[in-house]
Every structure is written in structure tokens, then in C-alpha cells.
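# Architecture and fold: a report
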Amino acid sequence: MKSATNPILEPMNPSSALVLVVEDEPDIATILENFLKKQGYRTERAADGETALALFRASHPDLVLLDIMLPKKDGIEVLKTIRREKQTPVIMLTARTEEIDKLLGLELGADDYVSKPFRPMEVMARVKAVLRRSYASTPFTELLRLGGIELDTLQTTVRVNGISLELTATEFRLLQHFMMYPGRTFSRADLLEATMPESSALERVIDVHIANLRRKLSELASGEFIQNIRGIGFRLKP
Ligand code: CA
């Protein structure tokens, strides 16, 4: 990713953002970490409130996903302490809906919450939205439109001719990258760097993702969207 020449991409592909996952149930924490990593975030994990605060002070995460019911120090106490020290965005994970007003209000100042049980993609959407808000000073595009394709970078949704399209995270990033530069041809190395910066995948992996993306697009719209430019790479038909 040439982020220096492409500042607009920075908040949409925040691969450098560090998310601290504070959750004492290992299965849930693992699922969250796996999803976050797939989206390109870095993660750290704490299973109790005291470790959470130690990691928070040591690592300066960009966002905290914070469970309420935790050993040693509960999520409310952790949130209070975080708020005394920094304005880092915090998303609470809670099964106790009666706490929500208090959490989000001025009293405690969480940025958002997700009710348990949750779908991991719902959490990912909140993480993205809250990080986006915290990048408020940086310009960004929320909605990209091209030839019947509508891509919402905030909600990470894609609609083709009004019908929603389910994409994997990599397919989404590929399509987003193409849509930001319609008509421009990218090499496989460019696309790999733009969509899987922390992956050691071979360039040919891009062909597989593009084939899948093409197939999904073709189910909802006719015509060739992604063109193969022989010897160079791929482009989105302008
Ligand atoms: Ca818990």
C-alpha cells in the first residue's frame, strides 16, 4: 500500500490499528482476534481487568473491545480508569442490556457496545465504524459507486443493482481498491500489498480471489467488471 501517496486509503484499510481484546472467555476472545486479524488489524488480548489496564498502558491500543464481566477488575472499572487517562475508543461487550445507557452516557463514556451473544461480523462493523469516527479529522469516502456496484466502506457492505453481495474481507478490499481507481491497472503485487499487507501469500493467490469476486459479481450483474490486462495485471472496467 502506497499510503504516503494515498492518504485517503489510510482510514479505510487501517492495517496498523491495534485492538486490545479484553475477554475472559477464551473461545470468544479467539474468535474476535481471528476476525480482527482477517480484517487486517493487529491484536492483543487480556483475560482480566488488571492485565487489560497493564496492556493498555504499555501498548497504547487504537481501540479496546471490553467485556464487562471480568475477573480481578470488571469492565466498568477498567473503562473508568481508561477514561481518566485517555480518549481511546472503547466498545463494550455486554450481556447486561440495562447497563447500556450508563455505559454510553457521559458518566462512563464508552463509544459503542455490542450485546452478547453477538455475530463476529457485527463486532467488526462496530470496530470499523468507531475507528472511522476516531479518524474524523482524516478525509474518507463512505460510499463508492460504479456501474451498478455500490460499496459502503463504513458498513463494509456491497450492493450490486440494489441486491446485497456477500464478500470475504479480502474480496471486499480488492473490490474497494479497484473502485477507488476505476480504469487503473494494478499488478498482482500491488493488489496483494493493498489487500493482504501482512500476508506472505504468493501473488497467484490474487487470481483466486479475483476469480471468486468475478463469479460473485456475475451472479448479480452481466458484463465483465474486472478485466485481465495481459502481462500487467487487473483493472476495473471504467
Ligand atoms: Ca466475561
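The shown structure was predicted, so the numbers you read here are calculated from the model rather than taken from an experiment.

Here we come to the packing of helix α1 (residues 26-38) against helix α5 (residues 120-134). For the pair α1 and α5, the least separation of the axes is 10 Å and the interaxial angle reads 55°. With respect to each other, α1 and α5 are oriented oblique. For α1 against α5, the interelement crossing comes out right-handed. Taken together, the residues of α5 that come into contact with α1 (itself represented by Ile-31, Leu-32, Phe-35 and Leu-36) are Pro-120, Met-121, Val-123, Met-124 and Val-127.

With 28 residues, the main nonpolar core has Val-158, Leu-175, Phe-178, Leu-217 and Ile-226 as its most contacted residues. Every element with two or more residues in this core is listed here: β6 (143-146), β7 (149-152), β8 (157-160), α6 (169-180), α7 (188-195), α8 (204-220) and β12 (233-236). Per element, the largest residue contribution to this core is six residues, and it comes from α6. When near neighbours in sequence (up to four residues on either side) are disregarded, Val-158 contacts Ile-149, Glu-150, Leu-151, Ile-163, Ser-164, Leu-165, Leu-167, Phe-172 and Leu-175.

Let's shift gears to the sheet that holds β12. Judged by pairing direction, the sheet is antiparallel, and its three strands sit side by side in the order β10-β12-β11 without closing on themselves. Each edge of the open sheet is held by one strand with a lone partner, namely β10 (185-186) and β11 (226-229). Relative to β12, β11 runs antiparallel, the two sharing four bridges. By the bridge assignment, Ile-229 is partnered in β12 with Gly-233. The sheet contacts of α6 involve β10, β11 and β12, and relative to β12 the element is tilted by about 70°.

Applying the stated criterion across every chain, the model contains two aromatic pairs. The interplanar angle of 70° and the centroid separation of 5.9 Å between the aromatic rings of Tyr-181 and Phe-186 together place this pair among those described as edge-to-face. Taking relative accessible area as the criterion, Phe-186 reaches 5% and is therefore assigned buried. What links up through ring pairs into an aromatic cluster is the set Phe-178, Tyr-181 and Phe-186.

It is worth spelling out the confidence of the model for the protein chain at this point. Of the residues in the protein chain, 85% reach a pLDDT of 70 or more, and the chain-wide mean stands at 83. Contacts from residues 1-14, a stretch scored under 50 in pLDDT, to residues over four places away or in other chains number 32 contacts.

This part covers the environment of Asp-207. Within the secondary structure layout, Asp-207 lies in helix α8. In sequence terms Asp-207 and Arg-188 are 19 residues apart; their C-alpha atoms lie 8.0 Å from each other. The contact partners of Asp-207, leaving out residues within four places of it in the chain, are Arg-188 and Phe-234.

On to the pattern of salt bridges. One pass over the full model with this rule turns up 14 salt bridges. Measuring nitrogen to oxygen at the nearest pair gives 3.0 Å for the salt bridge that ties Arg-145 to Glu-150. Look at Arg-145 and you get exposed, because its relative accessible area is 59%. Overall, Glu-150 belongs to the partly exposed group, its relative accessible area being 27%. Between Glu-219 and Arg-215 there is a salt bridge, with the nearest N and O atoms lying 3.7 Å from each other. Here the residue Glu-219 and the residue Arg-215 both occupy positions in helix α8, the gap between them amounting to four residues, near one helical turn. When salt bridges with common partners are traced through the structure, they connect Glu-23, Glu-25, Asp-67 and Lys-116 into a single cluster.

To continue, consider the coordination of the calcium ion. Of the protein atoms, only Asp-24 (OD), Asp-67 (OD) and Met-69 (O) coordinate the calcium ion, at distances of 2.1 to 2.3 Å. Binding-site remark: the calcium ion is held by donors from one chain whose sequence spacing is D-x42-D-x1-M. A residue pair is termed long-range when its members are at least 10 positions apart, and Asp-24 in the loop between β1 (18-22) and α1 and Met-69 in the loop between β3 (63-67) and α3 (75-85) qualify at 45 residues. With relative accessibility at 52%, the residue Met-69 sits in the exposed group.

Rules used throughout
- Residues numbered from 1 in each chain as written.
- Predicted model: local features only at pLDDT ≥ 70, side-chain atom pairs only at ≥ 80, totals over all residues.
- Heavy atoms only, no water.
- Axes fitted to C-alpha atoms, helices over the stretch in contact; angles between N-to-C directions.
- Helix = DSSP H or I, 4+ residues; strand = E, 2+ residues; numbered from the N terminus.
- Parallel < 35°, antiparallel > 145°, perpendicular 65-115°, else oblique.
- Left-handed = near helix turned anticlockwise from the far one by under 90°.
- Contact = heavy atoms within 4.5 Å.
- Core = buried A, V, L, I, M, F, W, Y, C linked by side-chain atoms within 4.5 Å.
- Buried < 20%, exposed > 50% of the residue type's maximum accessible area, 1.4 Å probe, protein only.
- Pairing = 2+ DSSP bridges.
- Phe/Tyr/Trp six-rings, centres within 6.5 Å; stacked < 30°, edge-to-face > 60°.
- pLDDT = per-residue confidence, 0-100.
- Salt bridge = Lys/Arg side-chain N within 4 Å of Asp/Glu carboxyl O.
- Donors = N, O, S within 2.8 Å, 3.2 Å for Na, K, Ca; no water.

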